[in-house]
Amino acid sequence: RGLMEMTSASWKNIAREKAAMGLIIFFPILIVLIAGITSPEGTFPLLLDGKLVTPQPTFEEISIILYSLTAIAFVSSIVSFILSFQMKKILPRLQVMGYPSWYLNLSYIIVTVIISAIVALIVSLIAFNWIEPRSIIGFVTSLILVAITYALFGLIIANLSKTKEIGLYIILTLSFIDTGFLENPTFSNQAKDRKSV
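Criteria and cut-off values
- Residues numbered from 1 in each chain as written.
- Predicted model: local features only at pLDDT ≥ 70, side-chain atom pairs only at ≥ 80, totals over all residues.
- Heavy atoms only, no water.
- Helix = DSSP H or I, 4+ residues; strand = E, 2+ residues; numbered from the N terminus.
- Buried < 20%, exposed > 50% of the residue type's maximum accessible area, 1.4 Å probe, protein only.
- Areas by Shrake-Rupley, 256 points an atom, 1.4 Å probe, with all protein chains shown as cover.
- Contact = heavy atoms within 4.5 Å.
- Patch = residues over 30% accessible without salt bridge, like charges linked within 9 Å, V, L, I, M, F, W, Y side chains within 5 Å.
- Salt bridge = Lys/Arg side-chain N within 4 Å of Asp/Glu carboxyl O.
- Phe/Tyr/Trp six-rings, centres within 6.5 Å; stacked < 30°, edge-to-face > 60°.
- Core = buried A, V, L, I, M, F, W, Y, C linked by side-chain atoms within 4.5 Å.
- pLDDT = per-residue confidence, 0-100.

**Describing the overall build of the protein chain**
Next, step 1: When helices and strands are tallied, the protein chain shows seven helices and two strands.
Next, step 2: Taken from the N to the C terminus, the helices and strands of the protein chain come in the order α-α-β-β-α-α-α-α-α.
Next, step 3: Per-residue burial over the protein chain gives 40% buried out of 197 residues.
Next, step 4: Accessible surface, the protein chain: about 11,500 Å² in total, of which carbon and sulfur atoms supply 69%.

Written out as structure tokens, the structure reads:
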């Protein structure tokens, strides 16, 4: 019963953040739709581990996958950060009331995983309008694993940040730099070409 109460309280805490909830709901849908609509035509000669990918992926497929990752990273890191930051404030009071700390920690994990899984499914369903993965289960599972990874970033930054605003700026900057540039195969491929010239 105590765990259910904590999970419900964690959900209510994240639901109170109106702006965050709006972004969580609309941003993933919007960003994947924009990627699908605005992607240029044609194929891209992509090198992975020094080998040319065949058949060559289209710009559309690369854009959809990258923006799907960006959407998942954004949502999971924001949810994780907000819950972790709030948990840091109310944990001492809950311990005084007799609730063990692992109740709150577990409720935080449950809410984060549920929201991340729902967003991963929504993003996947939208992405399937443009891409056909060899394994649907593998694609969705990989997005959920990405969500868990970025949720850990949110947890770490929440515990290091003194204010919510600074923490949000940091987590958003790291998420977008990582998914938009560092893990973008088109950028990394161009960098390798420049080095070889």
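**Here we look at the side chain of S68**
Next, step 1: Relative to the elements of secondary structure, S68 occurs in helix α3 (residues 59-96).
Next, step 2: Not counting the four nearest positions on each side in its chain, S68 is found in contact with V32, V123, A127 and L143.

**Comments concerning a nonpolar patch on the surface**
Next, step 1: A surface patch of nonpolar side chains, about 360 Å² in accessible area, is lined by W102, L106, I109 and V113.
Next, step 2: Here W102 is to be found in helix α4 (residues 101-127).

**Brief notes about the packing of aromatic side chains**
Next, step 1: Per the counting criterion, the structure on display carries two aromatic pairs.
Next, step 2: Seen from their ring centres, Y150 and F153 are 5.3 Å apart, and the 90° between their planes marks the pair as edge-to-face. Taken together, the residues Y150 and F153, both in helix α5 (residues 136-160) and three residues apart, mark about one turn of the helix.
Next, step 3: Look at Y150 and you get buried, because its relative accessible area is 4%.

**As for the environment of I122**
Next, step 1: Note on placement: I122 falls in helix α4.
Next, step 2: The exposure class assigned to I122 is partly exposed, which follows from its relative accessible area of 35%.
Next, step 3: Considering only alpha carbons, one finds I122 and I25, 97 residues apart in sequence, at a separation of 9.6 Å.

**Description of the nonpolar core**
The tendency in soluble globular proteins is for nonpolar side chains to be buried as a group.
Next, step 1: The biggest cluster of nonpolar side chains holds 37 residues, and the ones touching the most others in it are I72, V75, I115, V119, V123 and L143.
Next, step 2: Contributions of two or more residues to this core are made by α2 (18-38), α3, α4 and α5.
Next, step 3: Counting residues per element, this core draws most heavily on α3, which supplies 14 residues.

**Some thoughts on the confidence of the model for the protein chain**
Next, step 1: Looking at the protein chain, the pLDDT average stands at 76 and 77% of residues meet or exceed 70.
Next, step 2: Model confidence for the protein chain, summarised as mean pLDDT per element, is weakest for helix α7 (residues 185-196) at 48 and strongest for α5 at 84.
Next, step 3: Scored below 50 in pLDDT, residues 189-197 shows three contacts in the model against residues more than four places distant or in partner chains.

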